[in-house]
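Chain by chain, the residues:
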Amino acid sequence: MIVAMMEKATEEEIQMVVARMVEIGFNVHRTTGARQTVLAGVGQPASFDVQDFQIMAGVADAHRITSPYKLAGRGFAPQGTQIKFTNGVTVGGKEVVVMAGPCSVESREQIFTAAKQVVAGGAKFLRGGAFKPRSSPYSFQGMGLDGLRLLREVGDATGLLIVSEVMEISQIELMLPYVDCLQVGARNMQNFNLLRELGQARKPVLLKRGIAATIEELLLSAEYILSGGNYDVMLCERGIRTFETYTRNTMDISAIPVLKHLTHLPVLGDPSHGTGRRDMVPAMARASVAAGCDGLLMEVHPNPDKAVSDGAQSLFPQQFEQLMKELRIIATAVDRTLS
Ligand code: PEP
Ligand code: MN
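Residues numbered from 1 in each chain as written. Chains lettered and ligands numbered in written order. Predicted model: local features only at pLDDT ≥ 70, side-chain atom pairs only at ≥ 80, totals over all residues. Heavy atoms only, no water.

Asker: Where do I start with the site of ligand 1 in this structure?
Answerer: Around ligand 1 sit Cys 103, Arg 127, Lys 132, Glu 165, Gln 183, Gly 185, Ala 186, Arg 187, Lys 208, Arg 238, His 273 and Glu 299, and that is every residue in its neighbourhood. Contact distances for ligand 1 include 2.9 Å between an oxygen atom and a side-chain N or O atom of Gln 183. At 2.8 Å from an oxygen atom of ligand 1 is found a side-chain nitrogen or oxygen belonging to Lys 208. For ligand 1, whose free accessible area comes to 300 Å², the fraction covered by protein is 97%. For the shell around ligand 1, a count of residues per class yields two nonpolar, three polar and seven charged. (Near = heavy atom within 4 Å. Polar contact = N/O pair within 3.5 Å; in protein donor to acceptor, adjacent residues only side chain to side chain. Areas by Shrake-Rupley, 256 points an atom, 1.4 Å probe, with all protein chains shown as cover. Nonpolar A, V, L, I, M, F, W, Y, C, P; charged D, E, K, R; others polar.)

Asker: Would you mind showing me how to read the sheet that holds strand β1 (residues 2–5) here?
Answerer: Adjacent strands of a sheet form backbone hydrogen bonds with each other and so pair up, either parallel or antiparallel. With respect to topology, four strands assemble into an open sheet ordered β2-β3-β1-β4, the strand pairing being antiparallel. Only two strands of the sheet have a single partner each, and these edge strands are β2 (27–32) and β4 (59–63). Shown here is a sheet whose adjacent strand axes are inclined to one another by a mean of 15 degrees, direction ignored. Relative to the sheet, helix α1 (residues 11–23) contacts β1, β2, β3 (37–42) and β4, its axis offset from that of β3 by approximately 5 degrees. (Pairing = 2+ DSSP bridges. Helix = DSSP H or I, 4+ residues; strand = E, 2+ residues; numbered from the N terminus. Axes fitted to C-alpha atoms, helices over the stretch in contact; angles between N-to-C directions. Contact = heavy atoms within 4.5 Å.)

Asker: Even after reading the chapter, I still don't get the pairing of strand β10 (residues 181–184), so can you show me in this structure?
Answerer: Burial along β10 is two-sided: Cys 181 and Gln 183 facing one way and Leu 182 and Val 184 facing the other are all buried. Direction of pairing for strand β9 (residues 161–165) relative to β10: parallel, over a ladder of three bridges. When the sheet's bridge partners are listed, Glu 165 is paired in β10 with Gln 183. As a crossover connection, the stretch from β9 through helix α5 (residues 169–175) into β10 is right-handed. Examined bridge by bridge, β10 and strand β11 (residues 205–208) share three bridges and lie parallel to one another. Bridge pairing links Gln 183 to Leu 206 in β11. In the classification by handedness, the crossover that spans β10, the intervening helix α6 (residues 192–200) and the parallel β11 is right-handed. (Buried < 20%, exposed > 50% of the residue type's maximum accessible area, 1.4 Å probe, protein only. Right-handed = clockwise from strand over helix to strand, strands pointing away.)

Asker: How do you make sense of the domain arrangement of the chain when you look at a structure like this?
Answerer: Domain annotation for the chain reports domain 1 (2–66) and domain 2 (83–333). Here the C-alpha centroids of domain 1 and domain 2 sit 35 Å apart. (Domains from an automatic or database assignment.)

Asker: Just to check I follow, could you spell out the packing of aromatic side chains for this structure?
Answerer: Centre distance and the angle of the planes are the two values used to describe a pair of aromatic rings. Summed over the entire model, instances satisfying the criterion amount to four aromatic pairs. Relative to Tyr 224, the ring of Phe 192 has its centre 4.6 Å away and its plane inclined at 25 degrees; by these criteria the two rings are stacked. Note that Phe 192 is positioned in helix α6 and Tyr 224 in helix α7 (residues 215–227), a separation of 32 residues in sequence. Its relative accessible area of 25% is what places Tyr 224 among the partly exposed residues. Across the ring face of Phe 53, the terminal group of Arg 20 is positioned such that the distance to the ring centre comes to 5.8 Å. Taking the ring centre of Phe 48 as reference, the NZ or CZ of Arg 64 above it sits at 4.2 Å. (Phe/Tyr/Trp six-rings, centres within 6.5 Å; stacked < 30°, edge-to-face > 60°. Lys NZ or Arg CZ within 6 Å of the ring centre and 35° of its normal.)

Asker: How should the coordination of the manganese ion (ligand 2) be read in this particular structure?
Answerer: Within the protein, Cys 103 (SG), His 273 (NE2), Glu 299 (OE) and Asp 310 (OD) serve as the donor atoms for the manganese ion (ligand 2), at 2.0 to 2.4 Å. Counting the intervening residues between successive donors of the manganese ion (ligand 2) yields the motif C-x169-H-x25-E-x10-D. Taken together, the residues span a long stretch of sequence, with His 273 in helix α9 (residues 271–275) and Asp 310 in the loop between β14 (295–299) and α11 (317–333) at a distance of 37 residues. The same class applies to His 273 as to Asp 310, namely buried. (Donors = N, O, S within 2.8 Å, 3.2 Å for Na, K, Ca; no water.)

Asker: Which parts of the structure should I look at to understand the sheet that holds strand β12 (residues 233–237)?
Answerer: Pairing in this closed barrel of eight strands is parallel, and the strands run β7-β8-β9-β10-β11-β12-β13-β14 around the ring. Averaged over all pairs of adjacent strands, the angle between their axes in this sheet comes to 25 degrees, without regard to strand direction. Against the sheet, α11 touches β7 (97–101) and β14, its axis set at about 165 degrees to β14.

Asker: Would you explain the nonpolar core in this entry?
Answerer: As a rule of thumb, soluble globular proteins bury nonpolar side chains together. Ranked by size, the top nonpolar core spans 68 residues in total, and within it Leu 126, Leu 198, Leu 207, Leu 235, Met 298, Phe 320 and Leu 327 carry the most contacts. Shared between two domains, this core holds at least three residues of each, these being domain 1 (2–66) and domain 2 (83–333). If we ignore the near neighbours within four places in the chain, the residues touching Phe 320 are Val 98, Ala 100, Gln 117, Val 118, Gly 121, Ala 123, Met 298, Val 300 and Leu 315. (Core = buried A, V, L, I, M, F, W, Y, C linked by side-chain atoms within 4.5 Å.)

Encoded structure:
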């Protein structure tokens, strides 16, 4: 059940409603937007009448939630979730936030050079995997803790925020001091134990769509994190597997407006994994911004031909700089900003 409080509802009235919801067996999640407080009751209370809530003091509206995702649904935070990071960066606001960097952290020189290049282009986050989910066990698996240390160091040196992938529960605690955002990769989108544990963390999560996941499944995976009390979740369309083989994946641009309609969570586009081809990345990045994404995740490498992973889809630094100029124009056209 969703209970939207009136703008002028007092804290006492809100607490009365919360107490009543708890009494009948709901777990209550609360969001306070600029204008109103919304209370979401999740759980399976035996029976209740929404009308009892509709007539309570301070209540603007109360209704049952019919969608399977209660907290990820737009109704829980109609104004949209904004995730605030240090250095004044907000994801989910007017600015389209760009996260860029190599697929993997490979060396000190590589990550420092990449960071310099993406910050010059206007990125706010540096991406780079320290733990890599690779299709083959013989491929480079990431630098691990050494990679995390380099990420933190370069983040502090450049002012870039750090996003890096967490592959399993045991890595969460280890990663917290080194990253500003934990990425859950496509292959782990339905690792429910990992998602539950991330719900207990107090660190934003970037959740990527699984290669064969529906939009509803993506939202239900987000729900696992939200239901643990971690509301700072952003979603990422990164291409899905279809019968088409020309591109590595099929970038589902329509998922962006669909998600923006269904959920209050920020939505990102990843045209690098979405296409797997550097020559297609700019077009899909531009399309993502035009479609209303709140951010982009893109692979950029100082020397893509020498990259240990995903070189073919990594932009050359000059390409990234040129693309950022184009994206600024598109952002303005759709009433957004991009720095
Ligand atoms: C990545 O971002 O490098 C990555 C492994 O992405 P995905 O999980 O979307 O394949
Ligand atoms: Mn990659």
